[in-house]
Number of protein chains: 2
Amino acid sequence: MAMGRPREFDAETALDQAMEVFWRHGYEGATIAQLTEAMGINPPSLYACFGNKEGLLRAALDRYTKLRGVWMDEVVAAPTARDVAERMLMGIADKQTDPANPPGCLLVQGGIACGTGSENVPFELAARRAQNEDQLRDRFVRAKAEGDLIQTSDPVALARYVSAVAVGMGVMASSSADREALRQVASVAVQAVEAQSAGG
Amino acid sequence: MAMGRPREFDAETALDQAMEVFWRHGYEGATIAQLTEAMGINPPSLYACFGNKEGLLRAALDRYTKLRGVWMDEVVAAPTARDVAERMLMGIADKQTDPANPPGCLLVQGGIACGTGSENVPFELAARRAQNEDQLRDRFVRAKAEGDLIQTSDPVALARYVSAVAVGMGVMASSSADREALRQVASVAVQAVEAQSAGG
DNA sequence: CCAGATATGTAGTGTTCACTACAAATGTGG
DNA sequence: CCACATTTGTAGTGAACACTACATATCTGG
């Protein structure tokens with residue numbers, strides 16, 4: 001009985017636009033005015049759909065990590081730990097300098113430090129980064145079990161390491177590092193994984 | 001002829017307090033009210049001494065990089081490229097989890113992404129990080145000339161790599177990574193430098 | 001002791017922020 | 001066609017922000 005007036009905008013398309021604004025300006029740097037303009041809607045529509053600014057960020061993060069999760073599945077499908085690291089870091093070098101997106105990574109750009117009232121935003125981002133790290137860790141645990149990584153290697157530390165390099169590359173990308181520079185970093189970084197690989 | 005009323009606070013002590021606030025909340029997240037309270041002064045004193053909020057940040061960054069520069073000199077004094085990397089990254093693991101300071105690194109926490117009107121803050125931070133990278137690069141160039149690094153190694157890429165790892169560790173530290181986790185990352189990271197070292 | 005100069009504390013300034021009342025518009029079920 | 005439910009656009013709301021006018025206080029040089 002009575003379904004109400006239908007929404008006139010597509011939530012996912014609007015989220016993509018919001019994602020870009022957060023990505024470029026960070027959570028605190030992004031204003032509702034910028035967000036609504038990018039999304040092509042007015043503030044009341046935003047609040048009716050996403051609750052508040054933080055709810056919008058969470059929705060954007062959900063969408064970001066969902067897209068990214070598909071890619072991560074391809075990454076961990078690489079045959080060896082070394083190839084996983086290389087595929088991940090080289091892919092990140094390309095993605096973080098893709099002109100179709102703002103530079104860097106939303107999970108870093110979103111907000112490393114925030115002011116009073118937004119203290120949980122950095123934690124929110126950290127939790128999403130931790131998901132990637134867990135996925136890497138599981139893959140490296142398997143690599144060690146398969147004898148691909150040497151027995152003295154620590155899969156947890158390796159996953160942390162690759163994750164840290166990825167974050168560092170994201171910060172570099174956001175401060176105008178070019179693709180070649182990021183690839184150089186990735187190339188060197190992979191050598192540490194090689195050093196823990198059997199026959200490497 | 002008439003020197004005026006003397007300042008009642010010590011500028012460097014006040015800067016240390018401001019530094020901590022920027023470190024913890026980022027440039028945009030830090031408010032003048034928080035800054036003045038931490039510094040123990042009133043807004044007019046702040047503006048008379050530092051110009052504006054951005055001027056205060058620059059002064060805090062100057063002080064931060066000055067203190068850090070002393071430490072970096074010790075780092076590059078290590079005998080080999082490998083030891084330079086180890087000393088730097090292990091030292092960072094300790095410093096970024098020192099309870100005497102906010103977690104992470106001011107040059108990252110200060111603001112990776114900022115809103116309209118503060119666009120140059122991220123560049124300001126990036127420029128300071130680049131100084132460290134340059135210092136590392138010079139050291140690695142020397143290491144290669146000395147035969148400490150193998151002839152196929154790229155000192156520029158190596159410096160970029162170590163710098164990227166340091167930044168990544170900073171982000172990890174700010175999201176509650178403990179000292180042991182950072183040391184693990186440092187330990188793995190050093191292996192990439194070892195792989196480019198003569199006799200490594 | 002006085003004039004010039006700078007610092008300080010109080011108490012604001014205008015602006016921008018996230019967020020929302022409200023009425024009009026647009027749909028559905030009976 | 002008629003309640004009813006929900007969305008939309010306009011136009012604000014109070015709060016927080018960076019920053020400052022101004023009177024007072026505290027110094028130096030003569």
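What comes next is a walk through the structure. (Residues numbered from 1 in each chain as written. Chains lettered and ligands numbered in written order. Predicted model: local features only at pLDDT ≥ 70, side-chain atom pairs only at ≥ 80, totals over all residues. Heavy atoms only, no water.)

As for the overall build of chain A
The number of helices and strands found in chain A is 9 helices and 0 strands. Each helix and strand of chain A, placed in order from N terminus to C terminus, yields the pattern α-α-α-α-α-α-α-α-α. Each principal axis of the C-alpha distribution contributes one length, and for chain A these read about 65 × 45 × 30 Å. By the burial criterion, 54% of the 200 residues in chain A qualify as buried. Long-range contacts, defined as pairs at least 24 residues apart, comprise 67% of the intrachain contacts of chain A with a sequence gap of at least 6. Carbon and sulfur atoms provide 51% of the accessible area of chain A, an area that totals close to 8700 Å². One finds the centroid of the 20 positive side-chain charges in chain A at a distance of 2 Å from the centroid of its 26 negative side-chain charges. (Helix = DSSP H or I, 4+ residues; strand = E, 2+ residues; numbered from the N terminus. Buried < 20%, exposed > 50% of the residue type's maximum accessible area, 1.4 Å probe, protein only. Contact = heavy atoms within 4.5 Å. Areas by Shrake-Rupley, 256 points an atom, 1.4 Å probe, with all protein chains shown as cover. Lys, Arg positive; Asp, Glu negative; His and termini not counted. Charge placed at Lys NZ, Arg CZ, Asp CG, Glu CD.)

Some details on the interface of chain A and chain B
Contacts between the two partners involve 38 residues from chain A and, on the opposite side, 38 residues from chain B. Contact between chain A and chain B buries roughly 3100 Å² in total, counting both sides, with carbon and sulfur atoms accounting for 63%. Contact with chain B buries area across many residues of chain A, yet Ile 112, Arg 160 and Val 188 of chain A alone supply 17% of it, more than any other trio. Between chain A and chain B we count 11 residue pairs in polar contact (both at pLDDT 80 or more) in total. The set of elements that each furnish at least two residues to the side of chain A that touches chain B consists of α1 (11-29), α7 (120-145), α8 (155-174) and α9 (179-194) of chain A. When residues in the side of chain A that touches chain B are grouped by element, the largest group, 11 residues, is from α8 of chain A. Taken together, the residues of the side of chain A that touches chain B sort by class into 19 nonpolar, 14 polar and 5 charged. (Buried area = accessible area lost by both parts, 1.4 Å probe. Polar contact = N/O pair within 3.5 Å; in protein donor to acceptor, adjacent residues only side chain to side chain. Nonpolar A, V, L, I, M, F, W, Y, C, P; charged D, E, K, R; others polar.)

Points about the packing of α1 of chain A against helix α4 (residues 53-76) of chain A
All names here are of chain A. Where α1 contacts α4, the two axes come as close as 9 Å, and the packing angle between them is 105°. One element, α1, and the other, α4, form an angle in the roughly perpendicular class. In this structure, α1 contributes Glu 12, Leu 15, Asp 16, Ala 18, Met 19, Phe 22, Trp 23, Tyr 27 and Glu 28 to the contact, and α4 contributes Lys 53, Glu 54, Leu 56, Leu 57, Ala 59, Ala 60, Arg 63 and Tyr 64. A class-by-class count of the residues in the contact of α1 with α4 yields 11 nonpolar, no polar and 6 charged. (Axes fitted to C-alpha atoms, helices over the stretch in contact; angles between N-to-C directions. Parallel < 35°, antiparallel > 145°, perpendicular 65-115°, else oblique.)

Comments concerning the relation of the copies chain A and chain B
The transform that puts chain A on chain B rotates by 180° and translates by 0.0 Å along the axis, for an RMSD of 0.0 Å. This pairing of chains is accounted for by a two-fold axis. Comparing interface residues between copies, 100% of those in chain A also lie at the interface in chain B; the contact surface is shared. (Least-squares fit on C-alpha atoms with pLDDT ≥ 70 in both.)

Observations concerning unusual backbone geometry
A positive phi angle, close to 70°, is found at Ser 176 of chain A, a residue other than glycine. Looking at the secondary structure, you find Ser 176 of chain A in the loop between α8 and α9.

Considering helix α9 (residues 179-194) of chain B
Look at α9 of chain B: 23 Å from first C-alpha to last across 16 residues, which is about the 22 Å you get at 1.5 Å a residue. Taken residue by residue, α9 of chain B has Ala 181, Leu 182, Gln 184, Val 185, Ala 186, Val 188, Ala 189, Val 190, Gln 191, Ala 192 and Val 193 of chain B as its buried positions. (Expected span 1.5 Å × (residues − 1).)

Looking at the nonpolar core
Within the largest apolar cluster, 69 residues are counted, with the highest numbers of intra-cluster contacts made by Met 88, Leu 89 and Tyr 161 of chain A together with Met 88 and Tyr 161 of chain B. Look past the residues within four positions of Tyr 161 of chain A in its chain and what remains in contact with it is Ala 189, Ala 192 and Val 193 of chain A together with Tyr 161, Val 185, Val 188, Ala 189 and Ala 192 of chain B. (Core = buried A, V, L, I, M, F, W, Y, C linked by side-chain atoms within 4.5 Å.)

Section: the environment of Ala 113 of chain B
Residue position: Ala 113 of chain B is located in the loop between α6 (106-109) and α7 (120-145). Each C-alpha atom, one on Ala 113 of chain B and one on Phe 123 of chain B, is 9.6 Å from the other, the two residues being 10 residues apart in sequence.

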